[in-house]
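# Structure assessment
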Amino acid sequence: MTASITRLGDSTKVYIDGLLHLYVADRITMIQAWKHENTWWMIEVQTASNTTTLEYDCFGKWQKILTLLNNS
């Protein structure tokens, strides 16, 4: 799996294997991450007007996306 992130102004795009995985048009104000019921890894991305929750069943993918978001 390859993942990348692009930022232009306030917008953020996350790609997995060249396909758009997440698009956030506004400035991200908060990111939260947790494990849910020992089966799902969650990432919550918040802007001033919207909240998006991402669910992953693969720890490696969750870790890669979370690292990209934290380092951008």
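To be clear, the structure that these remarks concern was listed above.
This report concerns the structure included in the present document. (Residues numbered from 1 in each chain as written. Predicted model: local features only at pLDDT ≥ 70, side-chain atom pairs only at ≥ 80, totals over all residues. Heavy atoms only, no water.)

### Considering the sheet that holds strand β1 (residues 3-8)
- Overall, antiparallel pairing links the three strands, which are arranged β1-β2-β3 in an open sheet. The open sheet is flanked by β1 and β3 (19-24), the only strands paired with a single partner. Averaged over all pairs of adjacent strands, the angle between their axes in this sheet comes to 20 degrees, without regard to strand direction.
- Against the sheet, helix α1 (residues 59-71) makes contact with β1, β2 (11-16) and β3, and its axis sits at roughly 25 degrees relative to β1, the strand it touches most. (Pairing = 2+ DSSP bridges. Helix = DSSP H or I, 4+ residues; strand = E, 2+ residues; numbered from the N terminus. Axes fitted to C-alpha atoms, helices over the stretch in contact; angles between N-to-C directions. Contact = heavy atoms within 4.5 Å.)

### Thoughts on unusual backbone geometry
- One non-glycine residue, aspartate 17, lies in positive phi territory at about 50 degrees.
- Position of aspartate 17 relative to the elements: it lies in the loop between β2 and β3.
- A relative accessible area of 48% means that aspartate 17 is categorised as partly exposed.
- If you check the backbone angles, asparagine 38 has positive phi at about 55 degrees while not being a glycine.
- Locating asparagine 38 in the fold gives a position in the loop between β4 (30-36) and β5 (40-46).
- For asparagine 38, a relative accessible area of 64% puts it in the exposed group. (Buried < 20%, exposed > 50% of the residue type's maximum accessible area, 1.4 Å probe, protein only.)

### So, the nonpolar core
- Counting 16 residues, the largest nonpolar core has Leu22, Ile43, Val45, Tyr56, Trp62, Ile65 and Leu69 as the members making the most contacts within it.
- Mapped by element, the contributors of at least two residues to this core are β2, β3, β5, β6 (51-56) and α1.
- Considering every element that reaches this core, the biggest residue donor is α1, with five residues.
- Each residue touching valine 45, except ones within four places of it in the same chain, is listed here: Leu22, Val24, Ile28, Met30, Asn50, Thr51, Thr52 and Leu69. (Core = buried A, V, L, I, M, F, W, Y, C linked by side-chain atoms within 4.5 Å.)

### Re the pairing of β3
- Here β2 pairs with β3 via five bridges, running antiparallel. The partner of lysine 13 across the bridge, within β3, is tyrosine 23.
- The antiparallel pairing of β2 with β3 creates a hairpin that spans two residues between the two strands, and aspartate 17 there sits at a positive phi of about 50 degrees.

### Observations regarding the pairing of β1
- The pairing of β1 with β2 spans six bridges and is classified as antiparallel. For leucine 8, the partnering residue across the bridge sits in β2 and is serine 11.
- Joining the antiparallel neighbours β1 and β2 is a turn of two residues, in which glycine 9 adopts a positive phi near 65 degrees.

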